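# Structural overview
One letter stands for each residue in the lines below.
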Amino acid sequence: MPIKKMWGGRFEEGGDKLVDEFGASISFDQQMAKEDITGSLAHVKMLKATEILPAEDADKIIAGLEELLQELDENGLPFDVENEDIHMNIEALLTEKIGPVAGKLHTGRSRNDQVATDFHLYVKERLPMIIDAIKGLQEALVKLAKDNVETIMPGYTHMQHAQPISYGHYLMAYFAMFQRDVERFEFNKKHTDLSPLGAAALAGTTFPIDREMTADLLGFDAPYANSLDAVSDRDFALEFLSNASILMVHLSRLCEEVIYWCSYEFGYIELSDAYSTGSSIMPQKKNPDMAELIRGKSGRIFGDLMGLLTTMKGLPLAYNKDMQEDKEGTFDAVKTIMPSLKVMSGMINTLSVKKETMAHATTHDFSNATELADYLATKGVPFREAHEIVGELVLSGLKTGKNLADISLEEFQKINPKIGPDVYEVLKPEVAVARRKSLGGTGFDEVKKQISQAEKLLNL
């Protein structure tokens, strides 16, 4: 005999077992048990303060909810799929504990505003955790950058050697990316910090509730101004998943380059053993599996975002059961990005930089070609003409195996007699880097400024 649903008064028959299981959300929304009890406590305290419930009844409900919260913290609570969702499960457990008076808890609210409140509380609590985890990664990047301001590496465009840069400058580029992630998640707080509680099913309630009071008790900035919007809005979750997707793009890009840089072909860095794995058949292998996993997990987060966007795109106002699909992707995103950030931080904190290998890569290439073109421009050669001259020298060097710094002064002066022996100083990679003093450039002093500004942002 199926269990009688709490909403079953209008129904003559119980639901099919398969239907009950298909429609139930307790398998995943039990992750909001704490938020559900917290929201209910705020609601019943308001019902007491407004005298909608007698103080004696309200106090019984408050005591029962506080016991449930304590049990949840200590040993967890038993949930039953027959009760569909976290809200009905908590109410059923409360009824077992204090009797029929538990049914008065639902006065002046609906599961629609209840679930929206729980979801807001869930995201609201986790946003600061994610921001802190991003800042932990930023600290690791700043520390490594500070140790490598004058470490020279090739800068790339199209994955071709472009110009020599400071490795510290390279790392600070990722710091800047993650700073934008921090700012996006900070802004996400604004739309998460609204209380749907009291909007009821969609139209508000006839009871003289105090929505400002419940918003304040739950730590929200304010209640939603429109009850229809309150129960149907999931923009805050879409923003969260969008921000999480952009964050994973940045992590994936960094992982891609970590994978490149620690390969035999590059050898710019070496990951610590703690963040690497081996091969079951090839004993020489040291695989960057953690970087590969983070790179791969970006697809999960993009899927979570696309799933919710697709769910929401055609929904009429107000609440629809489709919106039950909003939580699993968000829960998955939190469970994916938090360890990804922590693993990435550990990887950056423990990697070794192969400074000589990086430097060698800039002395046996043509990444100083722009320096020679700029030098010729200072001698009165139009830059376009200088560009063509240096291009021809590079082509010749590729054929003869001669780098620009290997060209004799006599050969240089055949191109332009104004070229002097100072050209060889200009062609040194470390000089090329140091001379790029424009704001935000790779010059050592500019990189130090970036690091100093970053330390102020992080309060280091």
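Up top is the structure.
Residues numbered from 1 in each chain as written. Predicted model: local features only at pLDDT ≥ 70, side-chain atom pairs only at ≥ 80, totals over all residues. Heavy atoms only, no water.

## So, the overall build of the protein chain
Along the protein chain, the regular secondary structure elements total 19 helices and 6 strands. On C-alpha atoms alone, the protein chain measures out to a radius of gyration of 31 Å, which is more than a quarter above the 23 Å that the 2.2 N^0.38 rule sets for 460 residues. Summarising its shape, the C-alpha atoms of the protein chain cover approximately 100 × 50 × 40 Å along the three principal directions. Within the protein chain, the proportion of its 460 residues that are buried is 49%. (Helix = DSSP H or I, 4+ residues; strand = E, 2+ residues; numbered from the N terminus. Rg over C-alpha atoms; globule rule 2.2 N^0.38 Å. Buried < 20%, exposed > 50% of the residue type's maximum accessible area, 1.4 Å probe, protein only.)

## Quick notes on the nonpolar core
Of all hydrophobic cores here, the largest spans 79 residues; its most connected members are Tyr167, Phe240 and Met344. Among the elements that take part in this core, helix H6 (residues 111-146) stands out by supplying 15 residues, more than any other. For Met344, the residues in contact, after removing those within four places along its chain, are Leu137, Leu251, Leu254, Cys255, Val258 and Ile294. Core analysis: the next-biggest nonpolar cluster, separate from the first, contains 23 residues, Met46, Leu47, Leu65 and Leu69 among them. (Core = buried A, V, L, I, M, F, W, Y, C linked by side-chain atoms within 4.5 Å. Contact = heavy atoms within 4.5 Å.)

## Focus: the environment of Glu82
Residue placement: Glu82 occurs in the loop between helix H4 (55-75) and helix H5 (86-98). Taking C-alpha positions, Glu82 is 27 Å from Ala333, a pair spaced 251 residues apart along the chain.

## Description of the side chain of Asp85
Along the chain, Asp85 falls in the loop between H4 and H5. Residue classification places Asp85 among the buried residues on the basis of a relative accessible area of 7%. Looking at Asp85, its side chain comes within polar contact range of the main-chain nitrogen of His87, at 3.1 Å. Residues within four places of Asp85 in sequence aside, it is in contact with Ser25, Ile26, Asp29 and Arg111. (Polar contact = N/O pair within 3.5 Å; in protein donor to acceptor, adjacent residues only side chain to side chain.)

## Some details on helix H3 (residues 33-49)
For H3, with 17 residues, the first-to-last C-alpha span of 24 Å sits near the 24 Å given by 1.5 Å per residue. With respect to burial, H3 is a largely interior element, 12 of its 17 residues being buried. All of the buried residues along H3 are Ala33, Glu35, Asp36, Ile37, Gly39, Ser40, Leu41, Ala42, His43, Val44, Met46 and Leu47. Against the buried residues of H3 lie helix H2 (26-29), H4, H5, H6 and helix H8 (211-217). One or two steps after H3, the chain reaches Glu51, where phi turns positive at roughly 65°. (Expected span 1.5 Å × (residues − 1).)

## Examining the environment of Phe412
Looking at the element boundaries, Phe412 is found in helix H16 (residues 409-415). Overall, Phe412 belongs to the buried group, its relative accessible area being 1%. A sequence separation of 288 residues divides Phe412 from Lys124, and the C-alpha atoms of the two residues are 65 Å apart. When neighbours within four sequence positions are excluded, Phe412 is seen to be in contact with Leu372, Leu393, Leu404, Ile407, Ile419, Val423, Tyr424 and Leu427.

## Things to note about the packing of aromatic side chains
Under the definition given, this model contains 14 aromatic pairs. Judged by centre distance (6.3 Å) and plane angle (45°), the ring pair of Tyr260 and Trp261 falls under tilted. On the basis of relative accessibility, which here comes to 30%, the residue Tyr260 falls in the partly exposed class. Accessibility expressed as a relative area gives 2% for Trp261, which makes it buried. One aromatic cluster is present, built from ring pairs that chain together Tyr156, Tyr167, Tyr170, Tyr174, Tyr260, Trp261, Phe266 and Tyr268. Here Lys327 stacks its cationic end above the ring of Phe119, 5.6 Å away from the centre of that ring. (Phe/Tyr/Trp six-rings, centres within 6.5 Å; stacked < 30°, edge-to-face > 60°. Lys NZ or Arg CZ within 6 Å of the ring centre and 35° of its normal.)

## Some details on the pairing of strand E1 (residues 152-157)
Pairing of E1 with strand E2 (residues 160-166) involves 6 bridges; the strand directions are antiparallel. When the sheet's bridge partners are listed, Tyr156 is paired in E2 with His161. Where E1 folds back onto E2 in an antiparallel hairpin, the turn is made up of 2 residues, including His158, whose phi is positive at roughly 55°. (Pairing = 2+ DSSP bridges.)

## A short note on unusual backbone geometry
A cis geometry characterises the amide bond from Leu317 onward to Ala318, with omega recorded as 5°. With a phi angle near 70°, Glu84 is a residue other than glycine that sits in the positive phi range. By secondary structure assignment, the location of Glu84 is in the loop between H4 and H5. Phi angles above zero are rare outside glycine, and Asn459 is one such case at about 55°. Take Asn459: it is sitting in the segment after helix H19 (444-458). Here Asn459 falls in the exposed class, since its relative accessible area comes to 71%.

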